[in-house]
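# Working through the structure, step by step
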Amino acid sequence: MKSILLSFPVFISKSTRNITDNAPLILGFNRNSRFSYRSKNENTRSRMIRLRVISNNSKEDDFFDYENDESDSVAEFQLVPQSGDIEVGNFHADKLEEKVDDEITQVNLKEVTYNIVFVTSEASPYSKTGGLGDVCGSLPIVLAARGHRVMVVSPRYLYGGPCDEKFAGTTNLDCTTKVKCFGGVQEVGFFHEYRKGVDWVFVDHPSYHRPGNPYGDIYGAFGDNQQFRFTLLCHAACEAPLVLPLGGFTYGQKCLFLANDWHGGLVPVLLTAKYRPNGIYKDARSIIVIHNLAHQGVEPASTYSNLGLPWEWYGTLEWIFPTWARTHPLDTGEAVNILKGAIVTADRILTVSQGYSWEITTPEGGYGLNELLSSRKFVMNGITNGIDVTEWDPSSDEHLSSHYTADDLSGKIECKIALQKELGLPPRLDCPLIGFIGRLDYQKGIDIILSAAPALLQDDVQFVMLGTGEKQYEEWMRATEAAFQNKFRGWVGFNVPISHQITAGCDILLMPSRYEPCGLNQLYAMRYGTVPVVHGTGGLRETVKTFNPYSEEGKSEGTGWAFSPLTRECMLDALRMAIKTYREHKTSWEGLMKRGMERDCSWDNVAAQYEQVFKWVFMDPPYIT
Ligand SMILES: Nc1ncnc2c1ncn2[C@@H]1O[C@H](COP(=O)(O)OP(=O)(O)O[C@H]2O[C@H](CO)[C@@H](O)[C@H](O)[C@H]2O)[C@@H](O)[C@H]1O
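Residues numbered from 1 in each chain as written. Predicted model: local features only at pLDDT ≥ 70, side-chain atom pairs only at ≥ 80, totals over all residues. Heavy atoms only, no water.

This next bit is on the overall build of the protein chain. The number of helices and strands found in the protein chain is 17 helices and 29 strands. The buried share of the protein chain, taken over its 625 residues, is 58%. By sequence separation, contacts in the protein chain at least 24 residues apart represent 72% of the contacts at least 6 residues apart. Accessible surface computed for the protein chain: about 26,200 Å², of which carbon and sulfur atoms make up 51%. (Helix = DSSP H or I, 4+ residues; strand = E, 2+ residues; numbered from the N terminus. Buried < 20%, exposed > 50% of the residue type's maximum accessible area, 1.4 Å probe, protein only. Contact = heavy atoms within 4.5 Å. Areas by Shrake-Rupley, 256 points an atom, 1.4 Å probe, with all protein chains shown as cover.)

Following this line, the structure appears as structure tokens:
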């Protein structure tokens with residue numbers, strides 16, 4: 001059975017809203033019509049309704065998919081889900097009535113909408129250790145607001161502490177599904193919250209209930225991440241659109257999976273190797289979104305049998321380490337690589353900036369996957385991340401004691417003083433305050449900061465760092481704080497309110513990342529009038545434009561400094577330039593701040609680019625059928 005979709009504005013009057021509880025929705029509109037409506041309340045389900053014409057006698061060649069009785073008249077219209085041509089049983093429209101606003105609602109239906117399933121190990125505010133959580137917590141909301149039906153599937157992490165409150169708004173769907181992997185059958189449950197137009201789905205399994213963070217605890221990364229926890233997530237995510245009657249009906253088979261990083265990487269493989277050969281998900285598509293290629297989900301080859309994949313698909317995950325990377329003479333280097341499997345089987349590939357999509361095709365940035373990625377570059381795109389401009393808004397940020405805008409920056413001065421006091425630094429307005437937020441690891445260029453800090457701290461500056469990561473760097477932060485009491489503060493830990501306060505209170509944000517697929521902190525900094533000094537790589541190079549005081553017609557331009565190459569000297573030069581501008585050229589500095597604050601970094605433009613890629617992915621047949 002097919003259906004034809006027609007888009008036009010529809011007015012829903014009170015008379016059409018009289019939908020009774022527990023009855024299939026039967027509406028008496030003209031044939032071949034479709035309508036939808038959107039509630040103005042963001043937490044009520046915006047319903048995209050398609051009308052399918054049904055009668056008893058369908059004709060294959062009918063343009064409109066309706067069935068006729070013998071007199072060729074239309075028998076009825078029935079509500080069908082957005083997910084394409086799947087059959088549902090009686091849809092109970094019990095929740096439908098409450099969604100309709102009292103006044104007449106005009107509907108503007110987007111031309112093409114999709115059923116989108118994000119698969120991710122993190123989604124803010126439920127779980128976040130870095131930028132992946134930010135993206136998967138905000139992009140789905142924007143896509144839903146643009147008319148798509150969006151589900152986000154991630155684990156229900158319970159740590160046994162106050163953080164578990166984040167799941168307080170979820171309800172148990174009382175729907176379990178059995179997943180075949182690890183040599184047996186695993187049963188997972190699903191929790192759900194409908195928030196801001198998105199179906200947030202949390203996979204429940206005892207392996208997600210542990211103290212620590214999503215990936216590990218004080219003793220390091222959990223040993224069963226690849227082996228068990230994220231394999232389970234991917235299996236469950238593939239089942240979710242088929243089995244969960246969210247808002248009354250399932251997403252169905254015609255969906256678009258956005259698998260994020262290696263944690264979601266088994267999804268394209270499962271669609272290809274497990275579902276499509278059995279006639280399921282033939283109309284679905286998958287996109288692997290690469291936020292960080294350095295992490296690929298690699299385990300010994302012997303673990304393949306745990307993954308619940310047929311043996312004949314071993315080659316998709318097969319990964320041989322180069323000789324130099326093997327640990328001993330008898331090591332054959334044989335492994336399975338989940339991200340490689342995703343790159344081999346996904347219908348398209350996305351990265352989080354254009355620069356990064358090129359970098360990963362080079363030997364320097366490709367982490368061994370550059371040739372494979374180059375072979376698929378025709379289906380690879382880079383789209384620079386946006387940010388959640390409501391959560392990160394200096395005029396209303398709940399974590400700040402004072403607020404400000406580009407037109408009135410006085411609140412930023414108060415934020416600086418508040419931060420200095422909070423951290424026990426001398427409250428000094430004239431002293432340039434430099435900040436760093438991020439993981440303390442090789443990617444973020446912490447070693448360069450370490451080598452440059454003694455020289456930097458000779459100057460009359462203050463420097464604050466917030467981060468967790470490698471123990472040696474945490475120790476260094478503590479030692480530097482002791483040595484430079486009036487100038488340096490290191491906050492070891494993951495603290496969202498402090499990250500907002502540093503972003504607002506500092507004058508300069510330092511990001512000497514060795515590589516940066518996109519980077520969000522420089523975007524937050526610019527929005528808060530904090531001038532970024534970054535290594536010109538990946539998304540940093542794309543988003544931070546170096547200040548040029550002598551540009552055309554005497555008008556300054558630029559939003560910060562992007563230095564290159566990544567050396568201690570280059571970084572110090574860029575920082576000294578920024579400090580000099582801050583001290584001696586106040587007007588130029590204010591221009592830098594304002595240009596950053598006025599930059600459009602919202603998700604809206606970005607979401608339109610995603611939609612373009614969605615169109616392309618459905619134009620082509622599945623990459624592997
Ligand atoms: N100690 C701490 N306390 C509180 N908050 C902290 C924190 N440490 C980091 N954060 C927060 O975590 C996020 C980090 O995001 P980034 O994009 O900068 O890096 P990350 O490497 O995690 O993300 C990867 O994915 C994202 C998303 O695609 C890419 O932008 C990026 O380049 C890629 O490396 C920011 O929201 C930051 O404020």
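Additional details are given in the paragraphs that follow.
This part covers the nonpolar core. Judged by nonpolar contacts, the single largest core of 169 residues is most densely connected at Phe463 and Met465. Examining the composition of this core, we find that nine residues originate from one element, helix α3 (residues 225–243), more than from any other. For this core, the domains that each give at least three residues are domain 2 (114–296 + 346–386 + 605–619) and domain 3 (410–601). What Phe463 contacts, discounting residues up to four positions off in sequence, is Leu433, Ile434, Gly435, Phe436, Ile449, Leu456, Leu457, Lys487, Phe488, Arg489 and Leu510. (Core = buried A, V, L, I, M, F, W, Y, C linked by side-chain atoms within 4.5 Å. Domains from an automatic or database assignment.)

Further remarks concern the packing of helix α9 (residues 410–423) against helix α12 (residues 496–505). Running from N to C, α9 and α12 point in directions that differ by 125°, and their axes come no closer than 8 Å. Classified by the angle their axes make, α9 and α12 are oblique. Note that α9 runs across α12; the crossing there is left-handed. Every residue of α12 that contacts α9 at Lys412, Cys415, Lys416, Leu419 and Glu422 is listed here: Ile498, Gln501, Ile502, Thr503, Ala504 and Gly505. Considering only residue class, the contact of α9 with α12 consists of five nonpolar, three polar and three charged. (Axes fitted to C-alpha atoms, helices over the stretch in contact; angles between N-to-C directions. Parallel < 35°, antiparallel > 145°, perpendicular 65-115°, else oblique. Left-handed = near helix turned anticlockwise from the far one by under 90°. Nonpolar A, V, L, I, M, F, W, Y, C, P; charged D, E, K, R; others polar.)

Per the counting criterion, the structure on display carries 22 salt bridges. Of the charged contacts, one joins Asp347 and Arg276 as a salt bridge, the two residues approaching to 3.7 Å between their closest N and O atoms. Separated by 71 residues along the polypeptide, Asp347 in the loop between α6 (338–345) and β22 (348–351) and Arg276 in the loop between α4 (266–275) and β18 (285–290) bring together distant segments of the chain. Taking relative accessible area as the criterion, Asp347 reaches 6% and is therefore assigned buried. (Salt bridge = Lys/Arg side-chain N within 4 Å of Asp/Glu carboxyl O.)

On the basis of which strands lie adjacent, the open sheet formed by three strands has the order β19-β21-β20 and antiparallel pairing. Of all the strands in the sheet, just β19 (298–300) and β20 (318–320) have a single pairing partner and so form its edges. If you compare each strand with its neighbour and ignore which way they point, the axes differ by 45° on average. The sheet contact formed by β20 and strand β21 (residues 334–337) spans three bridges and is antiparallel. When the bridges of β21 are listed, Trp319 appears paired with Ala335. (Pairing = 2+ DSSP bridges.)

Turning to the sheet that holds strand β28 (residues 531–535), a few remarks are in order. Strands in a sheet are paired, the pairing made by backbone hydrogen bonds, and the direction either parallel or antiparallel. Pairing in this open sheet of six strands is parallel, and the strands run β26-β25-β24-β27-β28-β29 from one edge to the other. Every other strand in the sheet has two partners, leaving β26 (488–492) and β29 (561–563) as the edge strands with one partner each. On average, each strand axis in the sheet is tilted by 15° relative to the strand beside it, whichever way the strands run. Sheet analysis places β28 next to β29, joined by three bridges and oriented parallel. Note that in β29 the partner of Val534 across the bridge is Ala562. Sitting on the sheet, helix α16 (residues 586–598) touches β27 (508–511), β28 and β29, and the angle it makes with β28 is about 80°.

So, about a negative patch on the surface. A contiguous patch of negative charge on the surface is contributed by Asp407, Asp408, Glu414 and Glu598. Tracing the backbone through its elements, the reader meets Glu414 in helix α9. (Patch = residues over 30% accessible without salt bridge, like charges linked within 9 Å, V, L, I, M, F, W, Y side chains within 5 Å. Lys, Arg positive; Asp, Glu negative; His and termini not counted. Charge placed at Lys NZ, Arg CZ, Asp CG, Glu CD.)

Now for the site of the ligand. Near the ligand lie 29 residues; those nearest to it are Asp134, His291, Arg439, Glu516 and Gly519. Contact distances for the ligand include 2.9 Å between an oxygen atom and a side-chain N or O atom of Asn385. Listed by contribution, the elements that provide at least two residues to the shell around the ligand are α2 (131–145), β25 (462–467), α12 and α13 (521–527). For the shell around the ligand, the class distribution of residues is eleven nonpolar, 13 polar and five charged. (Near = heavy atom within 4 Å. Polar contact = N/O pair within 3.5 Å; in protein donor to acceptor, adjacent residues only side chain to side chain.)

Looking now at unusual backbone geometry. At the junction of Ser124 and Pro125, the peptide bond is cis and its omega measures out at 10° in the coordinates. Position of Pro125 relative to the elements: it lies in the loop between β9 (115–119) and α2. For the peptide bond that leads from Ser564 to Pro565, omega is 0°, which places it in the cis range. Positive phi, close to 50°, is recorded for Asp174, a residue that is not glycine. Note that Asp174 resides in the loop between β11 (171–172) and β12 (177–181). Positive phi, normally seen in glycine, also occurs at Asp261, with a value near 55°. Inspection of the secondary structure assignment puts Asp261 in the loop between β17 (256–260) and α4.

Next up on the list: α3. With 19 residues, α3 extends 25 Å from end C-alpha to end C-alpha; this agrees with the ideal 27 Å at 1.5 Å per step. Of all the bends in α3, the greatest measures close to 30° and is centred on Thr231. Counting buried residues along α3, 17 of its 19 residues qualify, which places the element largely inside the surrounding structure. (Expected span 1.5 Å × (residues − 1). Bend = angle between axes of the 7 residues up to and from the residue.)

Looking now at the side chain of Asp393. Tracing the backbone shows Asp393 in the loop between β23 (380–382) and α9. Leaving out residues up to four positions away in the same chain, Asp393 has contacts with Arg527 and Tyr528.

Our next topic: the environment of Trp313. By the element assignment, Trp313 lies in the loop between β19 and α5 (314–317). Distance in space between the C-alpha atoms of Trp313 and Leu270 is 9.9 Å, their sequence separation being 43 residues. Excluding residues within four positions of it along the chain, Trp313 makes contact with Thr272, Ala273, Tyr304 and Ile624.

Now for the packing of aromatic side chains. Aromatic ring pairs are reported here in terms of the distance separating the ring centres and the angle at which the planes meet. The final tally for this structure, using the stated rule, is 24 aromatic pairs. Look at Tyr215 and Phe230: their rings are 6.0 Å apart centre to centre, the planes differ by 50°, and that puts the pair in the tilted class. Of this pair, Tyr215 sits in the loop between β14 (198–204) and β15 (216–217) while Phe230 is found in helix α3, placing the two residues 15 residues apart along the sequence. Accessibility assignment for this pair places Tyr215 and Phe230 in one class, buried. Here the aromatic residues Tyr114, Tyr610, Phe614 and Phe618 are joined through ring pairs into a cluster of three or more. Its guanidinium or amino end placed over the ring of Tyr582, Lys586 lies 4.5 Å from that ring's centre, counting from NZ or CZ. (Phe/Tyr/Trp six-rings, centres within 6.5 Å; stacked < 30°, edge-to-face > 60°. Lys NZ or Arg CZ within 6 Å of the ring centre and 35° of its normal.)

Now for α12. Most of α12 is tucked away: seven of the ten residues are buried. Every buried residue of α12 is accounted for by Ile498, Ser499, His500, Ile502, Thr503, Ala504 and Gly505. In this fold, the buried residues of α12 make contact with α9, β24 (433–437), β25, β26 and α13. Of the residues that open α12, the one with a side-chain oxygen 3.1 Å from the backbone nitrogen of Ile498 is Asn495.

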